[in-house]
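Per-entry structural report
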Amino acid sequence: MSDRRRRFEAQALPHLDAAYNLARRLARPPLDADDIVQEAMLRAFRAFDTFRGDNMKPWLLSIVRNCHLTAFGRTRAKLEAPLPADAELNLGDRGLIVDDPDPEASVIHTQQGRQLNAIIDRLPAEFREVLVLREMEDMSYRDIAQVTGAPIGTVMSRLARARALLRQGWIGAGQEAPHAVH
Amino acid sequence: MPCTETLRTQEYFDGELDASASVEVERHLETCGDCATLLSDLEATRRLIREQASYHRADAPLRRRITENLRREDGDRPGVGRFVGANLRFLSGAASGSAATAMAAALVMFALVPPPASPLVGDVMNAHLRSMMSDHLVDVVSSDRHTVKPWFAGHTDVSPPAVDFAEQGYKLVGGRADYVDGRRAAVVVYRHGAHVINVFAWARDGETLPASASRNGYRFVFWRQGNLDFGAVSDTGRDELLTLARLVQKASGP
């Protein structure tokens, strides 16, 4: 193994779950989080020489985010093209399989958990991403700004909006208002 | 009218403020009902997400694909230079002329000039590394050709020779079923000193074989014989690998 790859793996692989979780929260069918993360890791490895600093997480997650945007742009371009005949439509496994093939599907989620996941996934992308990075990844405003390319002030206001929307959605879904434990 | 300090309260909640700014917010919270409510909402929302929302982790197959992608990318990086260099050294060795090197020249003949980044090299290397790392070096442990060869017949599509060359320094360790470039392959495993040598064999399908190559400290020799394609890989020196390749060739008959 080359020294370059050894260093890259040592710094990048610890953030693979974070990369995958972000990709899962961003990607909508037909986009696939697996593909996005694989592409992102390759791009990161190719650009590794340009990485400076000792915290790779925001750098890596910004690449994941960009890969998603690129893939998203491609599907949009495709959607605007004339629709192919049914036979050419690539429904793939994902189109036909109703159940989530994710191994997590085997873990029984509570009704509340499913509802919360659905509310998060319905948030507009710019709110969803800051929420995921702050609440699931525990990242600082500065790191979130690096991932999303937005100024810190924008990160703060989006985060406030995302939290308010989540709370509204939760109460609107008939759930008891979340309460803090003291 | 809502309080103008709500973003400040959020910063406080998120641990973004220094000590003196935090004290100011705490003082504000004592008198501002809006911000006190906001703070407790923020705490509740965080708790809800962290307790109930799914965190999607990269599963083992995805991790494997990623490390294999990186391995492949890494292997391809040196590009053409390494291949050319390896071939030139190889050819100059073969040109020194003896019965043994005539065999080596025959190996070169089979090694038609490949695309520089032949996927076979990467695949054979990955399969070799997998076998070294996963405690799955051999499916059938035996130094007896009469055990290994019949095992292949039952477990793989091809049945290459599995001869012990202990006298020549290549001890037969056993056999394994594996995949190369999506094809089922039989692997004969040898030990040469401290080195493990994997000799892959698969049904030939007309694909151009790569030249013998060197990548990341591993050596590769490919050859074609009868209806089989062979690829040998190890971290031994090139000459040691060639010697084994010649022995296997000879054992396979003309």
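In every chain, residue numbers begin from 1 and rise along the written sequence. Written order decides the labels, with chains lettered from A and ligands numbered from 1. Side-chain atom pairs in this predicted model are given and counted only at pLDDT of 80 or more, local residue features only at pLDDT of at least 70, and totals for whole chains, interfaces and linings cover all residues.

Secondary structure counts use DSSP, requiring at least four H or I residues in a row for a helix and at least two E residues in a row for a strand, with both numbered from the N terminus. Helix and strand content of chain A: nine helices and zero strands. Of the regular secondary structure in chain A, the N- to C-terminal order runs α-α-α-α-α-α-α-α-α. Partly exposed residues are those whose C-beta has more than 12 but fewer than 20 other C-beta atoms within 10 Å; with 20 or more the residue is buried, with 12 or fewer it is exposed, and the C-beta atoms are placed from the backbone. Out of the 182 residues belonging to chain A, those deemed buried represent 30%. Within chain A, counting contacts between residues at least 6 apart in sequence, those at least 24 apart form 69% of the total. Note that contacts rest on C-beta atoms placed from the backbone: two residues are in contact if these are within 7 Å.

Another point: the overall build of chain B. A tally of regular secondary structure across chain B gives nine helices and seven strands. A total of 254 residues make up chain B; the buried ones form 32% of that total.

Before going further, it helps to examine unusual backbone geometry. In this structure, Asp138 of chain A takes a positive phi of about 60° despite not being glycine. Structurally, Asp138 of chain A is set in the loop between α7 (125-136) and α8 (141-148).

Here the focus is the sheet that holds strand β3 (residues 183-192) of chain B. All names here are of chain B. Read across the sheet, seven strands follow the order β1-β2-β3-β4-β7-β6-β5 without closing on themselves; strand pairing throughout is antiparallel. Each having just a single partner strand, β1 (140-141) and β5 (213-215) make up the two edges of the open sheet. By definition, two strands form a pair when at least two bridges between them are found by DSSP. When β5 meets strand β6 (residues 218-225), the two strands line up antiparallel, connected through three bridges. Bridged to Ala213 within β6 is Phe220. Packed onto the sheet, helix α7 (residues 119-133) meets β2 (171-180), β4 (195-203), β5, β6 and β7 (228-234) and runs at close to 125° relative to β2. Taken strand by strand, helix α9 (residues 238-251) contacts β3, β4, β6 and β7, and its axis lies near 20° from that of β6. Lines are fitted to the C-alpha atoms to define the axes, a helix being fitted only along its stretch in contact, and any angle between axes, read from their N-to-C directions, falls within 0 to 180 degrees.

Turning to the interface of chain B and chain A, a few remarks are in order. Contacts between the two partners involve 34 residues from chain B, matched on the other side by 37 residues from chain A. Listed by contribution, the elements that provide at least two residues to the side of chain B that touches chain A are α1 (6-13), α3 (33-52) and α4 (60-76) of chain B. Residues are grouped as follows: Ala, Val, Leu, Ile, Met, Phe, Trp, Tyr, Cys and Pro are nonpolar; Asp, Glu, Lys and Arg are charged; every other residue, Gly included, is polar. Class assignment of the residues belonging to the side of chain B that touches chain A gives a composition of 11 nonpolar, nine polar and 14 charged.

Contact geometry of helix α9 (residues 152-172) of chain A with α3 of chain B gives a least axis separation of 11 Å together with a crossing angle of 75°. On the basis of the axis angle, α9 of chain A is roughly perpendicular to α3 of chain B. Every residue of α3 of chain B that contacts α9 of chain A at Arg163, Leu166 and Arg167 of chain A is listed here: Asp41, Leu42 and Thr45 of chain B. For the contact of α9 of chain A with α3 of chain B, the residue count by class is two nonpolar, one polar and three charged. By the definition adopted for this analysis, an angle is roughly parallel if under 35 degrees, roughly antiparallel if over 145, roughly perpendicular if from 65 to 115, and oblique otherwise.

Within the largest apolar cluster, 46 residues are counted, with the highest numbers of intra-cluster contacts made by Ala19, Ala23, Val37, Ala40 and Val64 of chain A. No other element matches helix α3 (residues 33-46) of chain A, which puts seven residues into this core. Residue ranges for the domains originate in an automatic or database domain assignment. Lining this core are residues from two domains, each supplying at least three of them: domain 1 (1-83) and domain 2 (110-174) of chain A. Setting aside anything within four residues of it in sequence, one finds Ala40 of chain A in contact with Ala19, Ile63, Val64 and Cys67 of chain A. Here, a nonpolar core denotes buried Ala, Val, Leu, Ile, Met, Phe, Trp, Tyr and Cys residues that are linked to one another through C-beta atoms within 7 Å. Counting 38 residues, the second largest nonpolar core, distinct from the first, contains Val148, Val199, Val233 and Ala245 of chain B.

Residue and element names in this part refer to chain B. For β7, a buried count of six out of seven residues is recorded, marking the element as mostly surrounded by other parts of the structure. Bridge count for β4 against β7 is six bridges, and the pairing is antiparallel. Bridge pairing in β7 links Trp202 to Asp229. Pairing of β6 with β7, which is carried by seven bridges, proceeds in the antiparallel orientation. Residue pairing for β7: Val221 is matched across the bridge by Ala232. Counting the residues in the hairpin turn of β6 and β7 gives two residues, including Gly226, whose phi is positive at 60°.

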